[in-house]
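# Close look at the chain arrangement
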2 protein chains.
Amino acid sequence: MSNSKLYKGSLSTIILKLLADEGKMYGYEITQKVKQLTQDELQIKEGALYPALHKLEADGLLDIEVKKVDNRLRKYYKLTEKGTQESIGKLAELERYLSTMQALLLPKTKLSS
Amino acid sequence: MSNSKLYKGSLSTIILKLLADEGKMYGYEITQKVKQLTQDELQIKEGALYPALHKLEADGLLDIEVKKVDNRLRKYYKLTEKGTQESIGKLAELERYLSTMQALLLPKTKLSS
DNA sequence: TTTTATACCTAAGTTACTTATGTATGTAAG
DNA sequence: CTTACATACATAAGTAACTTAGGTATAAAA
């Protein structure tokens, strides 16, 4: 993948899912976590990530907590209650999409008419 | 789904896959086949389909054969040799994407740290 | 005769990315 | 010691791939 445009539309869902799992994360950490979980297959670009985080925050799905670690700034994000609700819905939608795509790809790979 | 933008980037792969399965299809038939295979979950819009077909043809992946059935025009598309090759690659890429996404969604749904 | 289905088409608008840049600190390498 | 790489944030401009909205035309159903 890496440069495949296939994941378009799923970035915010990925972010919400990671935050639901990890509690709180900062931007750079998210990019590294995604790389790790996907074995470098999916590289979240900073130019995509930060605007996405800002939008999720503006929509009231995320809260920010700024910390200074090693004299470097970190902006930790965590889900609001609304964000938790939204993450559930978005995850369900993404999972439905994935199985829909599976259904599209399977026929004739097997033995159907 | 229906209106979800999640499938962005996968339309041409879907077209190639269907043609690999069915041999030849016309545009309208493709929209109906996708609806049927996905139980109305995924609705290919004509505004997306026809430009995609034209592009695939321009790229030398599809051949056209025009037929008149019931006094109505049909443009049947089928894979060229190049199109067959491309469909294999695109399908592999899409399948890799799907399992990558699965990998992203699984952790913490289970019992991992 | 109006709607629905079949069958094609394109232009304009939108969205969500990529690419390219920029700032700033800390660490490793040469 | 200075250059490159990693960490950590950010935005602006460009692009791709859709959606929306319109158009033409025939046939069947209401």
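Placed above this text is the structure.
Residues numbered from 1 in each chain as written. Chains lettered and ligands numbered in written order. Predicted model: local features only at pLDDT ≥ 70, side-chain atom pairs only at ≥ 80, totals over all residues. Heavy atoms only, no water.

Around DNA strand D, a shell composed of 24 residues is seen, among which A:Tyr26, A:Tyr28, A:Arg74, A:Lys75 and B:Gly9 lie nearest. Each atom of DNA strand D within 4 Å of the protein was assigned to sugar, phosphate or base; sugar and phosphate come to 76%. A distance of 3.5 Å separates a phosphate oxygen of DNA strand D from a polar atom in the side chain of B:Lys45. One nitrogen or oxygen atom from the side chain of B:Arg72 is found 3.0 Å from a sugar or linking oxygen belonging to DNA strand D. The set of elements that each furnish at least two residues to the surface near DNA strand D consists of helix H2 (27–37), helix H3 (46–58) and strand S3 (72–79) of chain A together with helix H3 (46–58) of chain B. (Near = heavy atom within 4 Å. Polar contact = N/O pair within 3.5 Å; in protein donor to acceptor, adjacent residues only side chain to side chain. Helix = DSSP H or I, 4+ residues; strand = E, 2+ residues; numbered from the N terminus.)

The subject of this paragraph is the packing of aromatic side chains. Tallied over the full model, the rule gives 2 aromatic pairs over all chains. Judged by centre distance (5.2 Å) and plane angle (75°), the rings of A:Tyr26 and A:Tyr76 are edge-to-face. You can see A:Tyr26 sitting in strand S1 (residues 24–26) and its partner A:Tyr76 sitting in strand S3, a full 50 residues away along the chain. The pair A:Tyr26 / A:Tyr76 is uniform in exposure class, with both members buried. Sitting above the plane of the B:Tyr76 ring, B:Lys24 keeps its charged end 4.8 Å from the centroid. The side chain of B:Lys67 reaches across the aromatic face of B:Tyr76, ending 5.4 Å from its centre. (Phe/Tyr/Trp six-rings, centres within 6.5 Å; stacked < 30°, edge-to-face > 60°. Buried < 20%, exposed > 50% of the residue type's maximum accessible area, 1.4 Å probe, protein only. Lys NZ or Arg CZ within 6 Å of the ring centre and 35° of its normal.)

On to the relation of the copies chain B and chain A, then. Each copy of the sequence occupies a distinct position, and chain B is placed on chain A by a rotation of 180° and an axial shift of 0.0 Å, giving an RMSD of 0.0 Å. Classification of the inter-copy transformation places it as that of a two-fold axis. A symmetric contact is evident, with 100% of the interface residues of chain B recurring at the interface of chain A. (Least-squares fit on C-alpha atoms with pLDDT ≥ 70 in both. Contact = heavy atoms within 4.5 Å.)

Attention now moves to the pairing of S3(A). All names here are of chain A. Strand direction decides the pairing type here: S1 and S3, joined by 3 bridges, are antiparallel. Within S3, the position partnered with Met25 by the bridge is Tyr77. The pairing of strand S2 (residues 62–69) with S3 spans 8 bridges and is classified as antiparallel. Bridging from a neighbouring strand, Lys68 pairs with Leu73 of S3. A loop of 2 residues connects S2 with S3, the two strands running antiparallel in sequence, and Asp70 in this loop sits at a positive phi of about 55°. (Pairing = 2+ DSSP bridges.)

Each partner contributes residues to the interface: chain B has 33 residues there, and chain A has 33 residues. A buried area of about 3,300 Å², summed over both sides, lies between chain B and chain A, and 68% of it is on carbon and sulfur atoms. When the area that chain B buries against chain A is broken down by residue, the three leading residues are B:Leu6, B:Leu104 and B:Leu105, summing to 22%. Linking chain B with chain A are 2 salt bridges. For the side of chain B that touches chain A, the secondary-structure elements that each account for two or more residues are helix H1 (11–22) and helix H4 (81–105) of chain B. Among the elements that line the side of chain B that touches chain A, the one with the most residues is H4(B), at 13 residues. Of the residues that constitute the side of chain B that touches chain A, the class distribution is 16 nonpolar, 7 polar and 10 charged. (Buried area = accessible area lost by both parts, 1.4 Å probe. Salt bridge = Lys/Arg side-chain N within 4 Å of Asp/Glu carboxyl O. Nonpolar A, V, L, I, M, F, W, Y, C, P; charged D, E, K, R; others polar.)

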